[in-house]
Amino acid sequence: MNLKQEFARLLQAGVKENEPMSRHTSWQVGGLADYYLLPADEGELQEIVRLSREKEVPLFVFGNGTNLLVRDGGIRGLVVHIGAPFSYIRREGSSLRVGAGTPLTLLARRAAREGLQGLGFGGGIPGSLGGALVMNAGAFGSYIGRLVAEIRLVRFAGEAVTLGREEIAFGYRRSNLAGRGIIVEALLELEPGDPAALQREVEKHLAERRRRHPALPSAGSVFRNPTHRPAGSLIEAAGGKGLSVGSARVSEQHANFIVNPGGASAGDIERLIGKVQRLVREKFAVELQPEVRIVGEER
Ligand SMILES: Cc1cc2nc3c(=O)[nH]c(=O)nc-3n(C[C@H](O)[C@H](O)[C@H](O)COP(=O)(O)OP(=O)(O)OC[C@H]3O[C@@H](n4cnc5c(N)ncnc54)[C@H](O)[C@@H]3O)c2cc1C
């Protein structure tokens, strides 16, 4: 039995071979994944991890693909998508138990309706909870890590574990969760609040994003903000707005966004990232660090 047949036997939703990652990333770029897997539950995830170890095939975890630059040569081995089967929200007192595949905006809206405060910042962040935890996603002065009571994950060694708050570290757009396993769910501790006011807060953030952010395909902010000045402000002051490589372009609306108006390759975007870094280095002697994760092979 070849690998595809083995996965097809294991998984309800099956497996796609040579799947274009451009179909799944928010930048709409990225080459082929050897195998794109859609596990239906934690049991299937454990089977995938077991098989990847047994066959020595690398495994990459994929959420909503909104913070990823997948190179044009694609991803070798397995791409495991934590999606709809892992999208659920259960109330436990003033906490929410949330599946890692839950979209952050859906979560923010539901928490507000439930009269639970703390997730308003997530309205409009297009990622899944799993990706948000790994990246410690945040906005408007808040971030996901501060709400975490525990996280359940399937370790790359195969077993499922629950990590307590004390075992998890969050920093600015980073955590110590990357590389530890596949996040399945989290328990988030929230505060009681007024549902109507909380719903207004979420909608306000959504409207603010629609106003400030370019509508074209992007991965949100490309660079981390240096401590003294936002990356977008540095890029704009250096004259970077509108800079382009191929079809990839620095947004005129928000200088920390690189947009794909159509036809850009991952190579164009990566070269443009380098070009912006050089520009800001020359003008301000500041080394911008990408916030987006760059993965996969060059073509
Ligand atoms: C228009 C736009 C606006 C944005 N605004 C913001 C913002 O305001 N604030 C902000 O912080 N970010 C923002 N982002 C970036 C992005 O949405 C967040 O970083 C988001 O949390 C990423 O989630 P994802 O599911 O898309 O992760 P992915 O991009 O799929 O993956 C990101 C990383 O997490 C890992 N990962 C994903 N799921 C899991 C899992 N279940 N278990 C283990 N590892 C996993 C991946 O391997 C990868 O390393 C924006 C993006 C866009 C396109």
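Residues numbered from 1 in each chain as written. Predicted model: local features only at pLDDT ≥ 70, side-chain atom pairs only at ≥ 80, totals over all residues.

Trainee: Please explain the pairing of strand β15 (residues 182-189) as it appears in this structure.
Mentor: Each regular strand shows side chains that alternate between the opposite faces of the sheet. The buried count for β15 comes to 6 of 8 residues, which makes it a mostly enclosed element. Where strand β7 (residues 95-99) meets β15, 5 bridges bridge the pair, whose relative direction is antiparallel. The partner of leucine 96 across the bridge, within β15, is leucine 188. As paired elements, strand β11 (residues 148-154) and β15 share 6 bridges and run antiparallel to each other. Residue pairing in the sheet places arginine 152 in a bridge with glutamate 185 of β15. (Buried ≥ 20, exposed ≤ 12 C-beta atoms within 10 Å, placed from the backbone. Helix = DSSP H or I, 4+ residues; strand = E, 2+ residues; numbered from the N terminus. Pairing = 2+ DSSP bridges.)

Trainee: Honestly, the nonpolar core in this entry has me stumped. Any pointers?
Mentor: Across soluble globular proteins, nonpolar side chains have a tendency to be buried as a group. Grouped together as the largest cluster of nonpolar side chains are 81 residues, with contacts concentrated most on Leu37, Val79, Val80, Leu133, Ile182 and Ile269. Setting aside residues up to four positions removed in sequence, valine 79 forms contacts with Ala33, Tyr35, Tyr36, Leu37, Phe60 and Phe62. (Core = buried A, V, L, I, M, F, W, Y, C linked by C-beta atoms within 7 Å. Contact = placed C-beta atoms within 7 Å.)

Trainee: Where do I start with the sheet that holds strand β5 (residues 75-81) in this structure?
Mentor: Backbone-to-backbone hydrogen bonds pair the strands of a sheet. The strands run either parallel or antiparallel. Strand order in this open sheet of 4 strands is β1-β2-β5-β3, and the pairing throughout is mixed. Only two strands of the sheet have a single neighbouring strand rather than two, namely β1 (15-20) and β3 (59-62). Going from strand to strand, the sheet's axes swing by 35 degrees on average, the running direction of each strand aside. In this sheet, β5 lies alongside β3 in parallel orientation, the contact comprising 4 bridges. Paired with phenylalanine 62 across the strands is histidine 81, a residue of β5. Its contacts with the sheet place helix α2 (residues 42-54) against β2 (32-37), β3 and β5, and it is angled at close to 165 degrees to β5. (Axes fitted to C-alpha atoms, helices over the stretch in contact; angles between N-to-C directions.)

Trainee: I'm lost on the domain arrangement of the chain in this one. Help?
Mentor: Interfaces are frequently sized by the accessible area removed from exposure as the parts join. Examined at the domain level, the chain breaks down into domain 1 (3-83), domain 2 (85-212) and domain 3 (231-295). Its C-alpha centre places domain 2 at a distance of 28 Å from the equivalent point of domain 3. (Domains from an automatic or database assignment.)

Trainee: Sorry if this is basic, but what is going on with the site of the ligand here?
Mentor: The immediate surroundings of the ligand are formed by 31 residues, with Gly63, Gly127, Gly130, Gly131 and Gly220 found nearest. Of all the elements in the fold, those that place two or more residues in the shell around the ligand are β3, α4 (129-135), β9 (138-139) and β15. Sort the elements by how many residues they give to the shell around the ligand and α4 lands first, with 5 residues. Of the residues belonging to the shell around the ligand, the class tally is 16 nonpolar, 14 polar and 1 charged. Per-domain counts for the shell around the ligand show at least three residues from each of domain 1 (3-83) and domain 2 (85-212). (Near = placed C-beta within 6 Å. Nonpolar A, V, L, I, M, F, W, Y, C, P; charged D, E, K, R; others polar.)

Trainee: Help me out: how do you make sense of unusual backbone geometry in this one?
Mentor: Most of the time, phi is negative for any residue but glycine, and the peptide bond is trans. Phi is positive for asparagine 18, close to 50 degrees, though the residue is something other than glycine. In this fold, asparagine 18 is placed in strand β1. With 12 C-beta atoms packed within 10 Å, asparagine 18 lands in the exposed category. Phi angles above zero are rare outside glycine, and arginine 173 is one such case at about 50 degrees. The topology assignment puts arginine 173 in the loop between β13 (170-171) and β14 (174-175). A tally of 17 C-beta atoms within 10 Å means that arginine 173 is categorised as partly exposed.

Trainee: Please clarify how the pairing of β11 should be interpreted in this entry.
Mentor: Two elements, β11 and strand β12 (residues 160-164), share 5 bridges in a ladder whose sense is antiparallel. For isoleucine 151, the partnering residue across the bridge sits in β12 and is leucine 163.

Trainee: Looking at this structure, I do not really get the sheet that holds β15. What am I missing?
Mentor: Ordered by their spatial adjacency, 5 strands build an open sheet running β6-β7-β15-β11-β12, and the pairing between neighbours is antiparallel. Both edges of this open sheet fall to β6 (89-92) and β12, since each of them pairs with a single strand only. Shown here is a sheet whose adjacent strand axes are inclined to one another by a mean of 20 degrees, direction ignored. Relative to the sheet, α2 contacts β11, β12 and β15, its axis offset from that of β11 by approximately 55 degrees.

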